[in-house]
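Commentary on secondary and tertiary structure
Below, each chain spelled out in residue letters.
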Amino acid sequence: MPLSLPTSLEGVAFVEILRGASAASDAHPSLLVEVPHGADEQVHYDALRSQLQGDLPSELDHFFHVNTDVGAWAYGRATAEAVLRAHPTRSALLVRSLIPRTFIDCNRPATKEGAAEHGVTAGIPGYVEDPRDLELLNSLHRSYVELAARAFQAVCGAGGFALVPHTYAPRTVGISSVGRDIVDQLHAVYAPDKVETWPLRAEVDLLTRKEDKTLLAPEGVEEKLLKAFSQAGFSPVANDTFFLHEATLGHGWSAAHPGHVTCLEIRRDLVVEDWLPFVEKKPCRERIERVAGVLAPALSDLLRATPSAR
């Protein structure tokens, strides 16, 4: 029997089940959308910041607005809706982290070790030092990871598929480390006379392989999405800016369920209304639908060959 499905947990995760128009009320989800950086609104930042007691850098919300995956939840949910229009008897499970990665990263282990040489930041930023804050953040992180693990096992463990959507900032900027001076570093690299000197990232980067090129995504999905994004007018790559690094939980979920998890990055300026670095941004519905229109057919093809789980 499939595992019981997780439910929303205040301050940790929002969980939603979407059902196709003809789906039975007890239809077990065939698709999971897990958004580990789903806390992308100012209210998410404010809610957790108000609970922290230690000294943190001033204007830290500037880092939040540069670094958070705004648009990932929006295009992940829109993709699920489109998949269910193609498969009206199916259902989908959606999991959105409510924990801002500015304080602790739900796509990393809860440690202060990262992999800077590959652009992978630590799970706990260096500026979080107060023991009371570390205790709270570790507890929230543990609750989220346990919830996400249940979701992956319930869906992928039953033969279904998962989408893990991310967005990243338009440019790779020269930030050497994430410490107490992170806001000062960001103000420097995003100065008007400096920002356009940094290289643009790919519009779409599929995270399908490990560093040694071992494929963990579903067979054929990499080729299918590269072609589909190109035909839709994007310039996609695979495992270019990032790959499925062992220091990420995206790698962990993909390795635990090989052939059932698809992760990707979309450049953030392509899914929001206006991309400005230090302020809250809103997803653009038209741009979100454009991305979902590429992802949904590929995921629909995967489900077409998969029996519904009960």
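The structure displayed is predicted, hence computed values, not measured ones.

Another point: the overall build of the protein. Regarding its fold elements, the protein presents eight helices and seven strands. The C-alpha radius of gyration computed for the protein amounts to 19 Å, which stays within 12% of the reference 19 Å derived for 310 residues, consistent with globular compactness. Projected onto the principal axes, the alpha-carbon positions of the protein cover approximately 50 × 40 × 35 Å. Taking all 310 residues of the protein together, 55% fall into the buried category. A sequence separation of at least 24 residues applies to 79% of the contacts in the protein between residues at least 6 apart. Carbon and sulfur atoms make up 51% of the accessible area of the protein, which amounts to about 13000 Å² in all.

The next subject is unusual backbone geometry. In the Ramachandran plot, Glu-59 falls in the positive-phi region, its phi being about 55° despite a non-glycine side chain. For Glu-59, the position within the fold is in the loop between α1 (42–49) and α2 (60–67). Positioned with a positive phi, Lys-213 is a non-glycine residue whose angle comes to about 75°. Within the fold, Lys-213 resides in the loop between β5 (204–207) and α6 (221–231).

So, about the pairing of strand β4 (residues 161–168). In terms of burial, β4 is largely enclosed, as eight of its eight residues are buried. Residues Phe-161, Leu-163, Pro-165 and Thr-167 of β4 are buried on one face, and the alternating residues Ala-162, Val-164, His-166 and Tyr-168, pointing to the opposite face, are buried as well. Looking at chain direction, strand β2 (residues 31–35) and β4 are connected through three bridges and run parallel. Bridged to Leu-31 within β4 is Phe-161.

We now examine helix α8 (residues 285–304). With 20 residues, α8 should reach 28 Å at 1.5 Å per residue; the first-to-last C-alpha distance of 27 Å fits that figure. Maximal helix bending in α8 amounts to about 25°, located at Gly-293; proline Pro-297 follows within four positions. Listing the buried residues of α8 in full gives Ile-288, Val-291, Ala-292, Val-294, Leu-295, Ala-296, Ala-298, Leu-299, Ser-300, Leu-302 and Leu-303. Residues of α8 that are buried sit in contact with β2, α3 (72–86), β4, α6 and β7 (261–267).

Summed over all chains, the structure comprises nine aromatic pairs. Seen in terms of ring centroids, Phe-152 and Trp-253 are 4.8 Å apart; in terms of plane orientation they differ by 15°. Their pairing is stacked. Of this pair, Phe-152 sits in helix α4 (residues 131–155) while Trp-253 sits in helix α7 (residues 249–256); the two residues are 101 residues apart in sequence, bridging distant segments of the chain. Exposure remark for Phe-152: the relative accessible area of 0% places this residue in the buried category. Overall, Trp-253 belongs to the buried group, its relative accessible area being 12%. For the ring pair Tyr-168 and Phe-242, a centre distance of 6.2 Å and an interplane angle of 50° mean the geometry is tilted. Within this pair, whereas Tyr-168 is found in strand β4, its partner Phe-242 is found in the loop between β6 (236–238) and α7, the two being separated by 74 residues in sequence. An aromatic cluster of three or more residues is present, and its members are Tyr-45, Phe-64 and Phe-103.

Further remarks concern the pattern of salt bridges. For the coordinates displayed, the defined rule picks out 18 salt bridges. Among the salt bridges present, the one from Arg-101 reaches Asp-69, with a minimum N-O distance of 3.4 Å. With Arg-101 in the loop between β3 (91–97) and α4 and Asp-69 in the loop between α2 and α3, this pair connects stretches of sequence that are 32 residues apart. Residues joined in a network through salt bridges with shared partners are Glu-16, Arg-77, Glu-81, Arg-285 and Glu-289.

This part covers the side chain of Arg-267. Within the secondary structure, Arg-267 sits in strand β7. At a separation of 3.0 Å, a polar atom in the side chain of Arg-267 contacts the main-chain carbonyl oxygen of Arg-201. Contacts of Arg-267, omitting those with residues within four sequence positions, involve Tyr-168, Ala-169, Pro-170, Leu-200, Arg-201, Ala-202 and Glu-203.

The rules we used
- Residues numbered from 1 in each chain as written.
- Predicted model: local features only at pLDDT ≥ 70, side-chain atom pairs only at ≥ 80, totals over all residues.
- Heavy atoms only, no water.
- Helix = DSSP H or I, 4+ residues; strand = E, 2+ residues; numbered from the N terminus.
- Rg over C-alpha atoms; globule rule 2.2 N^0.38 Å.
- Buried < 20%, exposed > 50% of the residue type's maximum accessible area, 1.4 Å probe, protein only.
- Contact = heavy atoms within 4.5 Å.
- Areas by Shrake-Rupley, 256 points an atom, 1.4 Å probe, with all protein chains shown as cover.
- Pairing = 2+ DSSP bridges.
- Expected span 1.5 Å × (residues − 1).
- Bend = angle between axes of the 7 residues up to and from the residue.
- Phe/Tyr/Trp six-rings, centres within 6.5 Å; stacked < 30°, edge-to-face > 60°.
- Salt bridge = Lys/Arg side-chain N within 4 Å of Asp/Glu carboxyl O.
- Polar contact = N/O pair within 3.5 Å; in protein donor to acceptor, adjacent residues only side chain to side chain.

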